[in-house]
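Each chain, letter by letter, is given below.
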Amino acid sequence: MNEPLSKDAVAHIARLARLELGEAELSRFAGQLSAVLEHVEAIQRLDTAEVPPTSHPFELVNVLRDDERSACLPREAVLAAAPAAQDGRFRVPRILGEAP
Amino acid sequence: MSRYTITGETGEWEIVVGLEVHCELLTKTKLFCGCPNAFGDEPNTNVCPVCLGLPGSLPVLNRRAVEMAMAIGTALGCEIRPSSFHRKNYFYPDMPKDYQVTQYDEPLNVEGRLTLVDGTPIGIVRAHMEEDTGKTTHMGGDGRIHGADYSLVDYNRSGVPLVEIVSAPDLRSPEQARSYVSELRAILVATGASDGRMEEGSLRVDANVSVRRFGGEEFGTRCEIKNLNSLRSLVRAIEYESRRQVELLERGGSVDQETRHWNEVEGRTSSMRSKEEAYDYRYFPEPDLVPLAPPAEWIAEVVAKLGLMPAQRRERLASLLGESSEAIEEQVATVIDLGLDDLVVATIASGADSRLVMARAANEAAQQPDAARQLDPERFGELIGLEAAGTLSATQAKAVLGELLTNGGRPADIADRLGFKALASDELGAVIDAVIAANPGEWDRYVGGDDKVAQFLLGKVMRETKGRANGKLVAEALASRRG
Amino acid sequence: MSETEAFAGGALAIAARVRSGELSARVVTEAALEEIAASEPLLHCFNTITAERALAAADAVDAKVLAGEDPGPLAGVPVALKDNLCTRGVPTTCSSRILEGWRPPYDATVVARLSAAGAVSVGKTNLDEFAMGSSTETSATGPTRNPWDPARVPGGSSGGSAAAVAAGLVPLALGSDTGGSIRQPAALCGVVGLKPTYGLVSRYGLVAFASSLDQIGPFALTLADAAATLQVIAGHDERDSTSLAHPVADLATELRRGVEGLRVGVVADFLSEASGSCAAAVRQAADALADAGALVKEVAIPELLHGLSAYYLIAPAEASSNLARYDGVRYGLRVDGDDVQEMNARTRSAGFGDEVKRRIMLGTYVLSAGYYDAYYAQAQRVRTVILRSFARAYEDCDVLLAPTTPSVAFPIGAKTADPLEMYLSDLFTIPTNLAGHPALSVPFALGEEGLPVGVQVLAPALGEGPMLRAGAALEAVAAPGARGPVRPQLGGPLAGVAR
Ligand SMILES: [Mg+2]
Ligand SMILES: [Zn+2]
């Protein structure tokens with residue numbers, strides 16, 4: 001039996017997923033996610049020791065393209081979609097840490 | 001190489017370094033789309049739905065990138081294996097999908113080895129494929145990330161193919177780390193997969209550094225240092241970071257496993273962790289790509305196309321040159337660095353004097369490497385032959401070579417055109433006799449055993465012949481006349 | 001010309017008349033646009049109606065006909081596109097606030113192929129936000145209503161497409177099916193819904209929900225129309241690495257082949273899980289196929305019931321990653337913050353609805369350190385178990401017969417409070433997606449409250465041929481009135497047009 005998800009655990013997941021959740025949401029999600037996890041728990045009891053995982057429905061391999069140019073998008077179109085742009089680039093608020 | 005240690009207050013410490021080198025591949029297009037893989041274009045002009053991560057777009061793998069990755073693997077003695085791509089999930093504004101497509105538990109190349117120039121073998125754990133991120137510019141403050149007001153993002157680099165080469169923690173000094181990167185760079189350039197330019201970011205090095213008591217077996221906690229964009233930074237950062245860790249440990253503290261940023265100006269590393277940030281990459285198989293299982297014939301094709309690696313080139317030259325010296329090693333390094341060793345080898349093979357070929361290649365030809373790479377070994381051999389036979393003096397030979405590289409032609413014709421008429425030996429004999437006759441005092445002193453005077457006499461002969469005489473032959477003639 | 005006349009006979013009939021010059025594409029398009037506008041206040045099938053573009057496209061078709069050029073197999077047929085298919089210059093919202101205002105700079109492959117075939121796109125249909133749902137209630141633009149009973153859901157997530165076809169607003173629509181999102185609403189709305197083999201139709205330009213499960217397919221009133229649409233959109237696309245290189249069978253021929261000798265297995269395990277009318281419809285369907293010469297038997301594939309659990313681990317996991325890109329940096333909504341992390345989090349919290357947040361959270365959790373093996377990896381192994389058990393069943397069956405849904409359309413709001421209850425709506429459709437197989441829902445009977453009931457035909461990978469053969473046999477004997485168009489309670493120009 002899996003432990004139900006605590007509010008703290010939900011808050012941690014929310015941080016990983018870049019979601020800002022209020023107290024009420026945290027509690028609600030904790031309950032709902034716990035219920036789903038409890039339901040899916042049945043498959044954890046299936047004996048799959050000898051079963052390999054499937055991540056693609058079919059066993060295609062080596063799908064490749066030639067190293068050839070194709071058209072780029074016009075920069076105006078690209079930046080027109082941006083919530084904020086400056087000097088031909090996308091503008092974002094300050095970044096607190098380097099990329100990991 | 002003597003052991004590198006850090007002397008602390010409580011004893012000797014040893015450093016353990018492993019390097020992760022990201023190498024941008026010289027493909028025409030990006031890893032998963034047909035946008036140009038180019039450096040220095042106007043921001044956000046080399047982008048499309050795929051490399052911008054627009055909703056609905058899908059990746060398709062670049063065949064040439066795979067070939068280059070396999071070439072790198074082969075050059076590093078790796079086993080090429082069936083592999084797959086995963087998604088590495090984390091949020092960062094330079095990453096359009098907020099995940100990086102990379103190879104995780106099934107990398108393309110595994111278990112290789114790089115031998116340093118001094119013979120030390122360094123293990124290669126893996127060399128896997130992944131996509132590059134965009135580029136962020138920090139605005140306001142002093143242009144660095146901390147204190148910046150906001151940032152601007154350019155996605156031209158997003159999706160450029162990378163191979164990440166991960167070494168084993170086998171390096172034991174900053175100097176070894178430098179030597180590893182320098183040799184790796186030469187290998188990458190030799191495969192044709194990389195231009196090896198660290199300053200442009202096409203080669204980027206991260207260093208995992210830890211320390212332990214000298215002679216210890218267990219590894220200490222490591223820190224990963226980023227932003228090492230020159231060999232000098234690499235050495236300084238490892239020196240700084242290892243000393244920092246030693247001081248920390250000796251004060252009774254402990255090293256946190258973390259990523260640290262090298263600040264070139266301040267000469268120190270600092271923690272990159274930001275408040276409350278949690279990382280957990282949640283790798284899982286990339287469902288939009290299918291596995292990569294290069295068939296044996298494809299691998300064989302790539303291997304067959306691979307030229308000689310720097311170590312093989314060094315060996316090849318060394319065996320042609322016979323015994324070695326520091327000066328010769330330097331010439332060998334220069335010639336290989338500039339890609340002139342094929343010329344040298346072919347010229348020597350045509351029968352030319354090996355030392356002379358090497359000297360002219362490493363000194364004069366090296367001034368114009370682009371032209372020198374086009375030089376016909378037969379012509380180069382002719383020139384060396386004229387010099388070796390004394391038909392041309394060293395000065396004349398250099399002048400002819402310069403002309404040969406700039407305008408081409410036959411060395412003998414060039415020499416004629418420059419007025420470098422070969423000096424007949426009877427003509428030379430007459431000049432020498434005249435010089436002796438005109439300087440009886442000096443001649444007597446020379447005959448009396450004062451060797452220093454030879455230089456004076458030789459100079460006179462050279463002046464008389466307007467430099468057309470071969471100095472070696474003149475010296476020999478003077479000596480034989482002395483009896 | 002009235003709408004009923006213009007639409008008579010469905011998509012292929014319209015195309016035939018437009019191609020012959022007997023009917024103009026403009027007239028058909030105008031009729032469709034009129035119907036859509038009139039129905040919108042009640043049904044809300046559409047997020048965006050592209051009247052001008054549609055008329056221009058129709059005129060282009062008419063011009064081709066006039067010039068004696070081939071206007072394509074779907075010439076002049078109005079088609080509605082699920083609003084998670086990218087359309088160049090036309091808003092593509094996924095019914096989410098987070099994509100508000102975004103106009104893709106490119107067309108999805110299916111959109112380009114439909115338009116090349118002469119079909120006229122009239123607009124973008126409503127869906128559960130990012131296709132996450134089974135009722136079209138999680139849409140940020142409000143729910144779509146079931147034309148059979150506007151107090152009920154049309155199913156989901158392609159509810160707008162299903163309802164638009166069911167209400168006779170368009171003869172054709174495209175949807176996407178990740179866990180049943182074409183078949184389930186097709187069943188609840190009394191129309192044909194077809195989910196092709198994974199990789200048969202390019203996903204390029206389909207905004208991803210769960211990439212290893214998503215597949216685009218058609219809604220239509222007849223099987224022949226659905227098959228003709230599939231014929232147009234199927235086929236290899238070099239922009240989708242998972243696109244199959246396999247040539248597409250001639251589906252129209254398959255439709256006419258009959259079921260003589262076709263081996264049909266009835267999935268017994270599902271019957272006990274379905275409501276009275278849904279289970280009964282499958283039994284009737286089995287009898288009808290046997291009468292038509294098929295070899296029918298019951299098969300037990302209990303492993304399929306584990307599909308739901310595996311799905312609710314795999315799909316959210318992939319979704320959590322696919323939806324990370326909605327971060328306020330490059331397109332769509334941004335809610336400002338003091339730093340980029342805060343901006344990301346505020347944007348995503350304001351832009352995503354509850355169901356999307358739940359699935360992102362669930363997916364993030366099952367992939368996170370320490371839980372991957374117990375949840376995600378185990379679900380992938382169960383996926384293998386399901387593939388194997390299907391393979392066993394198909395050793396002596398050509399197709400399988402099952403209910404599409406556990407019940408008929410439920411009232412709006414009935415399941416919104418309990419996500420798990422909602423998830424169970426897809427119990428019978430999910431295994432097909434996990435296996436990458438094709439499946440079809442045929443409107444077959446009328447059930448509780450006179451609402452439509454669908455029967456599902458499942459087939460192995462690339463088994464579209466036998467699947468359509470069985471489907472055609474069922475279509476031939478379906479209860480009169482079990483399929484659309486249906487127009488109850490519609491006001492305006494539609495009043496009185498109902499059958
Ligand atoms: Mg990496
Ligand atoms: Zn691109």
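This one's a predicted model, so the numbers in the text were calculated from it and none came from an experiment.

A. Broad picture of the sheet that holds strand E4 (residues 172-176) of chain C. All names here are of chain C. Spatial strand order, E1-E3-E2-E4-E6-E5-E10-E11-E9-E7-E8: 11 strands in an open sheet with mixed pairing. Edge strands, defined here as strands with exactly one partner in the open sheet, are strand E1 (46-49) and strand E8 (295-299). Taken pair by pair, the neighbouring strands of this sheet meet at an average axis angle of 25°, ignoring direction. Sheet analysis places E4 next to strand E6 (residues 216-220), joined by five bridges and oriented antiparallel.

B. View of the packing of helix H6 (residues 326-337) of chain B against helix H8 (residues 354-363) of chain B. Residues and elements named next belong to chain B. The contact between H6 and H8 brings their axes to 9 Å, and the two run at 55°. Compared by their axis directions, H6 and H8 come out oblique. Both H6 and H8 take part in a crossing whose hand is left-handed. Contact residues: H6 offers Ile328, Gln331, Val332, Thr334 and Val335, while H8 offers Arg355, Met358, Ala359, Ala361, Ala362 and Asn363. Here the residues of the contact of H6 with H8 sort into seven nonpolar, three polar and one charged.

C. Structural detail: the coordination of the zinc ion (ligand 2). Residue and element names in this part refer to chain B. Here the zinc ion (ligand 2) is held by Cys33 (SG), Cys35 (SG), Cys48 (SG) and Cys51 (SG), and the distances to it run 2.3 to 2.4 Å. Around the zinc ion (ligand 2), the four donor atoms are arranged such that angles at the metal cover 99 to 117°; this shape is classified as tetrahedral. Each donor residue of the zinc ion (ligand 2) belongs to the same chain, with the gaps between them written as C-x1-C-x12-C-x2-C. Taken as a pair, Cys33 in the loop between strand E2 (12-24) and strand E3 (61-62) and Cys48 in the loop between E2 and E3 lie far apart in primary sequence, 15 residues in all. Taking the relative accessible area as the measure of exposure, Cys33 reaches 5% and is therefore buried.

D. Quick look at the packing of aromatic side chains. Residue and element names in this part refer to chain B. This model, assessed by the stated rule, comprises 22 aromatic pairs over all chains. Taking 6.0 Å as the distance between ring centres and 70° as the angle between the ring planes, the aromatic pair formed by Tyr281 and Tyr283 counts as edge-to-face. Note that Lys88 overlies the ring of Tyr281, its terminal NZ or CZ placed 4.5 Å from the centroid. One residue, Arg482, lies across the ring of Tyr446, its end atom 4.1 Å from the ring centre.

E. Geometry of the pairing of strand E10 (residues 150-154) of chain B. All names here are of chain B. Among the five residues of E10, five are classified as buried, and the element is accordingly described as predominantly covered. Alignment of strand E9 (residues 135-139) against E10, held across five bridges, turns out to be antiparallel. Opposite His138, over in E10, you have Ser151 as the bridge partner.

F. Seen up close, the interface of chain B and chain A. Listed per partner, the contact involves 67 residues of chain B and 39 residues of chain A. Approximately 4,700 Å² of surface area, both sides summed, lies buried where chain B meets chain A, with 60% of it carried by carbon and sulfur atoms. Scanning the region where chain B abuts chain A turns up two salt bridges. Residue Arg75 of chain A is joined to Glu42 of chain B by a salt bridge in which the shortest nitrogen-to-oxygen separation is 3.7 Å. Summed over the shared surface of chain B and chain A, the result is 24 residue pairs in polar contact (both at pLDDT 80 or more). Tallying contributions element by element places E10 of chain B first for the side of chain B that touches chain A, with five residues. Where strand E3 (residues 89-93) of chain A and E10 of chain B come together, four bridges link them in antiparallel fashion. Each bridged residue has a counterpart across the sheet, and for Phe90 of chain A the counterpart in E10 of chain B is Val153 of chain B.

G. Representation of the nonpolar core in the model. With 270 residues, the main nonpolar core has Leu19, Ile165 and Tyr180 of chain B together with Phe130, Leu400 and Leu401 of chain C as its most contacted residues. Looking at which element gives the most residues to this core, the answer is helix H12 (residues 307-322) of chain C, with nine residues. Excluding residues within four positions of it along the chain, Leu19 of chain B makes contact with Ile165, Val166, Ser167, Leu171, Ala177, Tyr180, Val181, Val205, Asp206, Ala207 and Leu234 of chain B. Membership of the second largest hydrophobic core comes to 32 residues, among which are Leu321, Val332, Leu375 and Leu401 of chain B.

H. Geometry of the layout of surface pockets. Residue and element names in this part refer to chain B. Considering only enclosed or pocket space, the second largest pocket measures out at about 1,200 Å³ in volume. As for the second largest pocket, its lining consists of 36 residues, of which Glu183, Arg314, Ala333, Ile336 and Asp337 are closest to the centre. Counting only elements with at least two residues in the lining of the second largest pocket, the list comes to helix H2 (174-191), helix H5 (310-321), H6 and helix H7 (341-349). Looking at side-chain class alone, the lining of the second largest pocket contains 14 nonpolar, six polar and 16 charged residues. Here the lining of the second largest pocket spans two domains, and each of domain 1 (6-304) and domain 2 (308-417) adds at least three residues to it.

I. Main features of the coordination of the magnesium ion (ligand 1). All names here are of chain B. Protein-derived ligands of the magnesium ion (ligand 1) are Glu130 (OE), Glu130 (OE) and Glu164 (OE), with the metal-ligand distances lying across 2.0 to 2.7 Å. Of the two residues, Glu130 sits in strand E8 (residues 121-131) while Glu164 sits in strand E11 (residues 161-167), which places them 34 residues apart along the sequence. The class for Glu130 is buried, based on a relative accessible area of 4%.

What counts and what doesn't
- Residues numbered from 1 in each chain as written.
- Chains lettered and ligands numbered in written order.
- Predicted model: local features only at pLDDT ≥ 70, side-chain atom pairs only at ≥ 80, totals over all residues.
- Heavy atoms only, no water.
- Pairing = 2+ DSSP bridges.
- Helix = DSSP H or I, 4+ residues; strand = E, 2+ residues; numbered from the N terminus.
- Axes fitted to C-alpha atoms, helices over the stretch in contact; angles between N-to-C directions.
- Parallel < 35°, antiparallel > 145°, perpendicular 65-115°, else oblique.
- Left-handed = near helix turned anticlockwise from the far one by under 90°.
- Contact = heavy atoms within 4.5 Å.
- Nonpolar A, V, L, I, M, F, W, Y, C, P; charged D, E, K, R; others polar.
- Donors = N, O, S within 2.8 Å, 3.2 Å for Na, K, Ca; no water.
- Tetrahedral: all angles 85-135°; square planar, octahedral: opposite > 155°, others 65-115°.
- Buried < 20%, exposed > 50% of the residue type's maximum accessible area, 1.4 Å probe, protein only.
- Phe/Tyr/Trp six-rings, centres within 6.5 Å; stacked < 30°, edge-to-face > 60°.
- Lys NZ or Arg CZ within 6 Å of the ring centre and 35° of its normal.
- Buried area = accessible area lost by both parts, 1.4 Å probe.
- Salt bridge = Lys/Arg side-chain N within 4 Å of Asp/Glu carboxyl O.
- Polar contact = N/O pair within 3.5 Å; in protein donor to acceptor, adjacent residues only side chain to side chain.
- Core = buried A, V, L, I, M, F, W, Y, C linked by side-chain atoms within 4.5 Å.
- 1 Å grid on protein atoms, 1.4 Å probe; cavity = no way out; pocket = protein on both sides within 12 Å on 5 of 7 lines; lining within 4 Å.
- Points joined across faces, edges and corners; volume = space filled by probe spheres on them.
- Domains from an automatic or database assignment.

Nothing here speaks to function; it is all geometry.
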